[in-house]
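What follows is the residue order along each chain.
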Amino acid sequence: IADLLRATDLADNAYGMLFRYLARGRLEQDGAAELGASAARLKNKDWPYAVIDFYLGLRSLAEMCAAANRSKEKCEAEFYTGEWHLLRGSNAEARTALQVAADTCPKAYVEYTGALAELKRLEP
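Everything numeric here is computed off the predicted structure, so don't read it as measured data.

Here we take up the packing of helix α6 (residues 71-87) against helix α7 (residues 91-104). In the contact formed by α6 and α7, the axes pass within 7 Å of each other and the chain directions differ by 155°. One element, α6, and the other, α7, form an angle in the roughly antiparallel class. The handedness of the crossing between α6 and α7 comes out as left-handed. Mapping the contact onto sequence places Cys75, Glu78, Phe79, Thr81, Gly82, Glu83, His85 and Leu86 in α6 and Asn91, Glu93, Ala94, Ala97, Leu98, Val100, Ala101 and Thr104 in α7. Residues belonging to the contact of α6 with α7 are distributed by class as follows: eight nonpolar, five polar and three charged.

With that settled, the discussion passes to the state of the cysteines. Under the criterion given, the structure shown has one disulfide. Here Cys75 pairs with Cys105 through a disulfide, and the sulfurs are 2.3 Å apart. Taking the sign of the S-S torsion, about 105° here, the bridge from Cys75 to Cys105 comes out right-handed. In this pair, Cys75 sits in helix α6 while Cys105 sits in the loop between α7 and α8 (110-122), placing the two residues 30 residues apart along the sequence. Overall, the relative accessible area of 6% leaves Cys105 in the buried class.

So, how was this worked out
Numbers given to residues run from 1 along each chain, matching the order in which its sequence is written. Only residues with pLDDT of at least 70 are given local features in this predicted model, and only at 80 or more are side-chain atom pairs given and counted; all residues enter the totals for whole chains, interfaces and linings. Where side-chain values are given, they derive from all heavy atoms of the structure, hydrogens and water being excluded. Fitted lines through C-alpha atoms serve as axes, helices being fitted only where they are in contact, and the angles separating the N-to-C directions of these axes extend from 0 to 180 degrees. Only DSSP runs of H or I covering at least 4 residues are called helices, and only runs of E covering at least 2 are called strands; the numbering of each starts at the N terminus. Any angle from 65 to 115 degrees is called roughly perpendicular, while one under 35 is roughly parallel, one over 145 is roughly antiparallel, and all others are oblique. Left-handed describes a crossing whose near helix is turned anticlockwise from the far helix by less than a right angle; the clockwise case is right-handed. Contact definition: two residues touch when any of their heavy atoms are within 4.5 Å. Under the grouping applied here, Gly and all other residues not named as nonpolar or charged are polar, the nonpolar ones being Ala, Val, Leu, Ile, Met, Phe, Trp, Tyr, Cys and Pro and the charged ones Asp, Glu, Lys and Arg. We call a pair of cysteine sulfur atoms a disulfide whenever their separation is within 2.5 Å. For the exposure calls, accessible area comes from a 1.4 Å probe over protein chains only, and a residue counts as buried if that area is under 20% of its type's maximum, exposed if over 50%, partly exposed in between.

Interpretation note: all reported values are geometric properties and have no functional meaning in isolation.
Set out below in structure tokens:
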């Protein structure tokens, strides 16, 4: 978490903010206030800003997914949807979204690697 904070302090990066929020969630900490404050520094509201809005409750899941216009954004939307479900203990829904991310994200994407790791972690 500290490393991700340092990274976002050095350069405002929406992805770093999202991963810090997810890391806090894994530790059962509420990272919404921090995510909102960090996101306020972003000058660009393009993708993945819709994911931030979704995590903050400012967009619905459907609205976040609809904001993903390109195929790379759609695969990322699936990953962040899966992560959202995991934080809520909805493992079946998480598994479905993460599998779509694993199937559609380019292998060089952190979301691809993350989806594979989460799917492995969810194995019975």
